[in-house]
Amino acid sequence: MSNRRSRQSAGVSRITDDQIIELVSKLQQLLPEIRNNRRSNKVSASKVLQETCNYVRSLHKEVDDLSERLSQLLATIDAESPEASIIRSLIM
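The rules behind these values
Residues numbered from 1 in each chain as written. Predicted model: local features only at pLDDT ≥ 70, side-chain atom pairs only at ≥ 80, totals over all residues. Heavy atoms only, no water. Helix = DSSP H or I, 4+ residues; strand = E, 2+ residues; numbered from the N terminus. Contact = heavy atoms within 4.5 Å. Areas by Shrake-Rupley, 256 points an atom, 1.4 Å probe, with all protein chains shown as cover. Axes fitted to C-alpha atoms, helices over the stretch in contact; angles between N-to-C directions. Parallel < 35°, antiparallel > 145°, perpendicular 65-115°, else oblique. Left-handed = near helix turned anticlockwise from the far one by under 90°. Nonpolar A, V, L, I, M, F, W, Y, C, P; charged D, E, K, R; others polar.

Chemist: Is there a simple way to explain the overall build of the protein chain in this structure?
Modeler: A count of helices and strands for the protein chain gives five helices and zero strands. Listing the helices and strands of the protein chain from first to last along the sequence gives α-α-α-α-α. Within the protein chain, contacts between residues at least 6 apart in sequence are counted, and of these 10% link residues at least 24 apart. Accessible surface, the protein chain as shown: approximately 7,700 Å² in total, 54% of it carbon and sulfur.

Chemist: Explanation requested: the packing of helix H4 (residues 45-75) against helix H5 (residues 82-91) in the structure shown.
Modeler: Packed helices, taken two at a time, are described by the angle between their axes plus the distance between the axes. Two elements in contact, H4 and H5, have axes whose closest approach is 10 Å; the angle formed by their N-to-C orientations is 155°. With respect to each other, H4 and H5 are oriented roughly antiparallel. Here H4 and H5 pass one another in a crossing that is left-handed. For the pair H4 and H5, contact is made by Ser67, Leu70, Ser71, Leu73 and Leu74 and by Ala84, Ile87, Arg88, Leu90 and Ile91, respectively. Looking at the contact of H4 with H5 residue by residue, the classes come out as seven nonpolar, two polar and one charged.

So far we have only geometry, and geometry alone does not tell us how the molecule works.
The following block contains the structure:
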């Protein structure tokens with residue numbers, strides 16, 4: 001039985017190997033760590049997935065840090081000012 005056929009069961013459509021390869025390639029293009037590496041043509045799918053997880057974690061941390069900085073800035077200005085309104089809209 002082929003690998004592709006084994007990924008289908010009871011009429012449920014599953015993702016094919018070609019689709020997985022395409023998705024991993026798209027992820028690879030989004031990752032700065034891999035995209036900037038000159039040897040990125042030979043990166044394994046597991047490495048791309050691992051780097052994707054690391055990158056998403058770093059983005060979450062960056063968002064949290066920026067939200068905290070905006071909250072601190074908001075605490076230092078007049079709550080009724082136009083700047084405060086802009087900061088509140090960025091935090092929400």
